[in-house]
Amino acid sequence: IGLEYKIREPRIHQFVANVGDCINLIQDVNRDNVGALLDFGHALESGERIGYSAARLLKMGKLFNTHWGDNYRLWDDDVIVGAVNPMDFIEAVYWLHRYDFDGWCGLDQYPFKNNAYDAATESVAWVRSFEGLIEKIGMNEIGSWLENDEPKKALSKIREALFDFKMR
């Protein structure tokens, strides 16, 4: 059972609104078959860093499923993955790979103004691009930035890998 949290729907607030609420409920239920379905759009809407949310659930062994979609953090806009918050997705992909996540990954989008096929294929292309970026930089390299608290180095290397641009 994957619990999918969300902070709000029209005219109501949800009981399980964020990753902390979800973790508390998972711990209270205390069953091996109860975990989380992490909807990245819902996490962004709750003001979370999706990489951090994923890492917390992965460390517990309680991330069962992911829904991929992006938004402007105020509503579940369901835009193409990476269109608004690419750095969050890069971080999330790193944590999914670091913990060897092998659960389900699915798109959760409703492209109001776009062709659904085009939105889905572009989202998949972005996810694959984020995976390629992590592979290009290397898991050990990224891990060392985190361990040594080196945000400038991390951003420089990500920029160089993304845009093939180095400052002189």
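Up top is the structure.
Let me sum up the structure you'll find in this document. Computed from a predicted model, the values in this text were never measured in an experiment.

1. A short note on helix α1 (residues 19-29)
Looking only at α1, the buried set comprises Val19, Cys22, Ile23 and Ile26. Seen along its axis, α1 keeps its buried residues to an arc of 100°; they face one direction. The secondary structure elements touched by the buried residues of α1 are β1 (2-3), β4 (35-39) and α3 (50-60). Its side-chain oxygen placed 3.0 Å from the backbone nitrogen of glycine 20, asparagine 18 serves as the N-cap of α1. Immediately downstream of α1, the backbone of asparagine 30 shows phi near 55°, a positive value.

2. Considerations on a nonpolar patch on the surface
A contiguous nonpolar surface patch, about 470 Å² in accessible area, is contributed by Leu162, Phe163, Phe165 and Met167. Inspection of the secondary structure puts methionine 167 in the segment after α7 (151-163).

3. Considering the state of the cysteines
A full pass over the atoms with the stated rule returns zero disulfides. No disulfide involves cysteine 22; its sulfur sits 16 Å from the nearest other cysteine sulfur, which is in cysteine 105. Look at cysteine 22 and you get buried, because its relative accessible area is 0%. The exposure class assigned to cysteine 105 is partly exposed, which follows from its relative accessible area of 47%.

4. A closer look at the pattern of salt bridges
Two side chains with opposite charge may pair up if their charged atoms get near one another. Per the stated rule, a full pass over the model turns up seven salt bridges. Notably, a salt bridge pairs aspartate 88 with arginine 49, separated by 3.5 Å at the nearest N-O pair. Placement of aspartate 88 in helix α4 (residues 86-98) and of arginine 49 in the loop between α2 (40-45) and α3 is noted, with a sequence separation of 39 residues between them. On the accessibility criterion, aspartate 88 (4% relative accessible area) is buried. Note that arginine 128 and glutamate 131 form a salt bridge whose closest N and O atoms lie 3.0 Å from each other. With arginine 128 and glutamate 131 both in helix α5 (residues 116-137) and three residues apart, the pair spans about one turn of that helix.

5. Examining the packing of α3 against α4
Two numbers describe how α3 lies on α4: the axes approach to 7 Å, and their chain directions differ by 15°. In terms of axis orientation, α3 runs roughly parallel to α4. You can see that α3 and α4 cross each other, and the crossing is right-handed. Residues Ile50, Gly51, Tyr52, Ala55 and Leu58 of α3 lie in contact with α4, whose contacting residues are Asp88, Phe89, Glu91, Ala92, Trp95 and Leu96. Of the residues belonging to the contact of α3 with α4, the class tally is eight nonpolar, one polar and two charged.

Conventions adopted
Residues numbered from 1 in each chain as written. Predicted model: local features only at pLDDT ≥ 70, side-chain atom pairs only at ≥ 80, totals over all residues. Heavy atoms only, no water. Buried < 20%, exposed > 50% of the residue type's maximum accessible area, 1.4 Å probe, protein only. Helix = DSSP H or I, 4+ residues; strand = E, 2+ residues; numbered from the N terminus. Arc of directions from axis to C-beta. Contact = heavy atoms within 4.5 Å. Polar contact = N/O pair within 3.5 Å; in protein donor to acceptor, adjacent residues only side chain to side chain. Patch = residues over 30% accessible without salt bridge, like charges linked within 9 Å, V, L, I, M, F, W, Y side chains within 5 Å. Areas by Shrake-Rupley, 256 points an atom, 1.4 Å probe, with all protein chains shown as cover. Salt bridge = Lys/Arg side-chain N within 4 Å of Asp/Glu carboxyl O. Disulfide = S-S within 2.5 Å. Axes fitted to C-alpha atoms, helices over the stretch in contact; angles between N-to-C directions. Parallel < 35°, antiparallel > 145°, perpendicular 65-115°, else oblique. Left-handed = near helix turned anticlockwise from the far one by under 90°. Nonpolar A, V, L, I, M, F, W, Y, C, P; charged D, E, K, R; others polar.

Note that all results are geometric; they support no functional claim without further evidence.
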